[in-house]
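# Fold and contact review
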Amino acid sequence: MADIRPFKAVRPARDKASEVAALPYDVYSREEAAEAVKGKPLSFLNIDRPETMFAPDHDMYADDVYEAARARYLEQKAEGVYISDDKNCYYIYEQTMDGRVQTGIAALTAVDDYLGNVCKKHENTVEKKEQDRIRHVDTMSAQTGPIFLSYHSRAGINEITDAWKKSHTAEYDFESEDGIRHRVWIIDDAETVDKLSREFAGLDCTYIADGHHRAASAVKVALKRREEATADYDKNAEFNYFLSVLFPDSELKIMDYNRVVRDLNGHDLDSFLEGLEEVFDVELTSLSCSAEEHTGNGGLPGIKCGAEILKPAKKYDIGMYLNGRSYTLRVKQEYIDGIKDDPVKSLDVSVLQEEVLDKLLGIKDPRTDSRIKFVGGIRGVGELVKDADAFTAENAKNGDKTESGTAVAFAMYPTDISELFRVADAGLLMPPKSTWFEPKLRSGLFIHEF
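Rules used in this analysis
Residues numbered from 1 in each chain as written. Predicted model: local features only at pLDDT ≥ 70, side-chain atom pairs only at ≥ 80, totals over all residues. Heavy atoms only, no water. Core = buried A, V, L, I, M, F, W, Y, C linked by side-chain atoms within 4.5 Å. Buried < 20%, exposed > 50% of the residue type's maximum accessible area, 1.4 Å probe, protein only. Contact = heavy atoms within 4.5 Å. Axes fitted to C-alpha atoms, helices over the stretch in contact; angles between N-to-C directions. Helix = DSSP H or I, 4+ residues; strand = E, 2+ residues; numbered from the N terminus. Parallel < 35°, antiparallel > 145°, perpendicular 65-115°, else oblique. Left-handed = near helix turned anticlockwise from the far one by under 90°. Nonpolar A, V, L, I, M, F, W, Y, C, P; charged D, E, K, R; others polar. Phe/Tyr/Trp six-rings, centres within 6.5 Å; stacked < 30°, edge-to-face > 60°. Lys NZ or Arg CZ within 6 Å of the ring centre and 35° of its normal.

Right, let's get into the nonpolar core. Grouped together as the largest cluster of nonpolar side chains are 70 residues, with contacts concentrated most on F272, M320, L361 and F410. Filtering out sequence-adjacent residues up to four positions away, M320 remains in contact with F272, L273, L276, L310, R325, S326, Y327, L329, V408, A409 and F410. C119, L203, A218 and L246 belong to the second-largest nonpolar core, a separate cluster that totals 33 residues.

Here it is, written out as structure tokens:
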């Protein structure tokens, strides 16, 4: 059973919450982070990405960078930007995006749940990416970015959170720059806290929805602290738990995670389309206007712009933009029949990776291949047209004006949360960039010191 427990959060003072709350550290490049914190001294991104306090050419992984993060945090804590709760609480975290509400609970998850696969994963992590967060967490002696967890919806938990929201005033209630409303309630009543703990104890498992690298880093810091402690270390020590926000699966929405490939790997247009027909029924959906004018029909009577109809309507349909045309790739039924019982192979992203990206386009490892770009669904499919046309133009400028220098974009049908659970339950892994969750959890609203 899952080991989930309340904690004494360090969190922003009520009137500072909107200024502190920041998107996760890993959605920004270094340049974007530096721009995002300008004029925002309280933004938690200053602490999450402390290299923003240094010159652009300063080593962002130097010791003084991590030390600056802790110094700034302690300074702002002393100034009253952050306050510390004096008793263990659960924290209801509600987000509203485009009228859709999702309600999670900020709490601690046991490191041993992660090690024992009670907290289940669906992605591999890259050690190089972990090292930065390991040093950040270890230097801060605090987890600052919550891990996004999910679980099979449980009526008892829903009833407690719904009743508390109706009978209590939110501690925080603000709208972030991207139009998402954030509300937080503090469950500080001992009887309700105990009742909620019992409900969590009834969960067989939890699932990492987003934040695999943050989770792995928190766990490795805990293991380091265990080694530094005596043999009979306290299993209830704070470092043996990591910060998380848990959402019922019934309230989550996964968006599409799309792909653009720079070239056709030596194929001309005809040979590439012929290769696709081994697995897909290929339908020309429309001619398309150029990326620069892709909001209309490009002057073609009765023909819609490809960017407007590129988005697939159902599982096993993939939208494709190629050479100014949009297509629908429909996986053939005999192929579906051969993969439908396999949790990983049956994913749309797996079909694309194995049969198109790997076999036709030569992309063996999408995590490291520079020819592929991933585009989150939040950006819209029009972004795919722009990126593909830009790559094609760049290839031509660099001397490749052949058909093989044509870029291709793929619009995916979103992975379902039930598919994520199925993969994790089987102890398997999804291809990279299979899921895009929105809205993103804000960092800085809950901090777990240890």
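A separate point is the packing of helix α6 (residues 127–140) against helix α9 (residues 212–228). When two helices pack together, their arrangement is given by the angle between the helix axes and the distance between those axes. One can describe the packing of α6 onto α9 by two numbers: an axis separation of 8 Å at closest approach and a directional angle of 55°. The angle between α6 and α9 falls in the class oblique. For the element pair α6 and α9, the recorded crossing hand is right-handed. Contact residues: K129, E130, R133, I134, V137 and D138 in α6; H213, A216, S217, K220, V221, K224 and R225 in α9. Grouping the amino acids of the contact of α6 with α9 by side-chain chemistry returns 4 nonpolar, 2 polar and 7 charged.

Moving on: the packing of aromatic side chains. Taken as a whole, this structure holds 12 aromatic pairs when the rule is applied. Ring centres of Y90 and F200 lie 5.7 Å apart, and the angle between their planes is 45°; this geometry places the pair in the tilted category. Placement of the pair is Y90 in strand β4 (residues 90–97) and F200 in helix α8 (residues 190–201), with a sequence separation of 110 residues. Across this residue pair, the class does not change: Y90 and F200 are buried. Arranged with centres 6.3 Å apart and planes meeting at 80°, the rings of Y151 and F200 form a pair that is edge-to-face. You can see Y151 sitting in strand β8 (residues 147–151) and its partner F200 sitting in helix α8, a full 49 residues away along the chain. Chaining the aromatic ring pairs together yields one cluster made of F7, Y91, Y93 and F446. Lying over the aromatic face of W436, K440 brings its terminal NZ or CZ to 4.3 Å of the ring centre.

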